[in-house]
Amino acid sequence: MTAGAPPAAGAALALRSAVTLTFLPFGGAVLADGRTLAVLDLRQREAALVERLLHQGMPPAEAGPWPARVAVRLIAAGWLVTDRSE
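Values in this document were obtained by computation on a predicted structure and should not be read as measured data.

(A) Geometry of the sheet that holds strand 2 (residues 19-23). Pairing in this open sheet of 3 strands is antiparallel, and the strands run 2-3-4 from one edge to the other. The open sheet is flanked by strand 2 and strand 4 (39-42), the only strands paired with a single partner. The sheet shows a mean angle of 15° between the axes of neighbouring strands, direction not considered. The sheet contacts of helix 1 (residues 44-56) involve strand 2, strand 3 (29-33) and strand 4, and relative to strand 4 the element is tilted by about 105°.

Structure (structure tokens):
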């Protein structure tokens, strides 16, 4: 993947090492980075998308622009990485 180019549809994604995802009992989730102590609060819709990204990879174009845009932002911010273990 070149800088700025989003991963291809279906590309596997994973949490960056030291990042944890915790689902909250009242809805939504929190991403926490154990290295930097940064925290990202996710609303219910965003939390559901992150869960889907981790299980299904980059969304196809048919999913619309929002899922891919969020995925690219999470990758650029260092919360998600492309999973090269497969």
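Having put the structure on the table, let's press on.
(B) Main features of the nonpolar core. Grouped together as the largest cluster of nonpolar side chains are 16 residues, with contacts concentrated most on Leu13, Leu31, Leu42, Leu53, Leu74, Trp79 and Leu80. Filtering out sequence-adjacent residues up to four positions away, Leu53 remains in contact with Leu13, Met58, Pro59, Ala71 and Leu80.

(C) Here's a closer look at the pattern of salt bridges. By the definition in use, this model includes 2 salt bridges. Among the ionic pairs, Arg16 bridges to Asp33, the shortest N-O distance being 2.2 Å. One end of the pair, Arg16, is in the loop between strand 1 (13-15) and strand 2; the other, Asp33, is in strand 3, with 17 residues separating them in the sequence. Under the relative-accessibility criterion, Asp33 is labelled buried at 6%. Among the ionic pairs, Glu46 bridges to Arg43, the shortest N-O distance being 3.6 Å. The class of Arg43 is exposed, set by a relative accessible area of 61%.

Rules used in this analysis
Residues numbered from 1 in each chain as written. Predicted model: local features only at pLDDT ≥ 70, side-chain atom pairs only at ≥ 80, totals over all residues. Heavy atoms only, no water. Pairing = 2+ DSSP bridges. Helix = DSSP H or I, 4+ residues; strand = E, 2+ residues; numbered from the N terminus. Axes fitted to C-alpha atoms, helices over the stretch in contact; angles between N-to-C directions. Contact = heavy atoms within 4.5 Å. Core = buried A, V, L, I, M, F, W, Y, C linked by side-chain atoms within 4.5 Å. Buried < 20%, exposed > 50% of the residue type's maximum accessible area, 1.4 Å probe, protein only. Salt bridge = Lys/Arg side-chain N within 4 Å of Asp/Glu carboxyl O.

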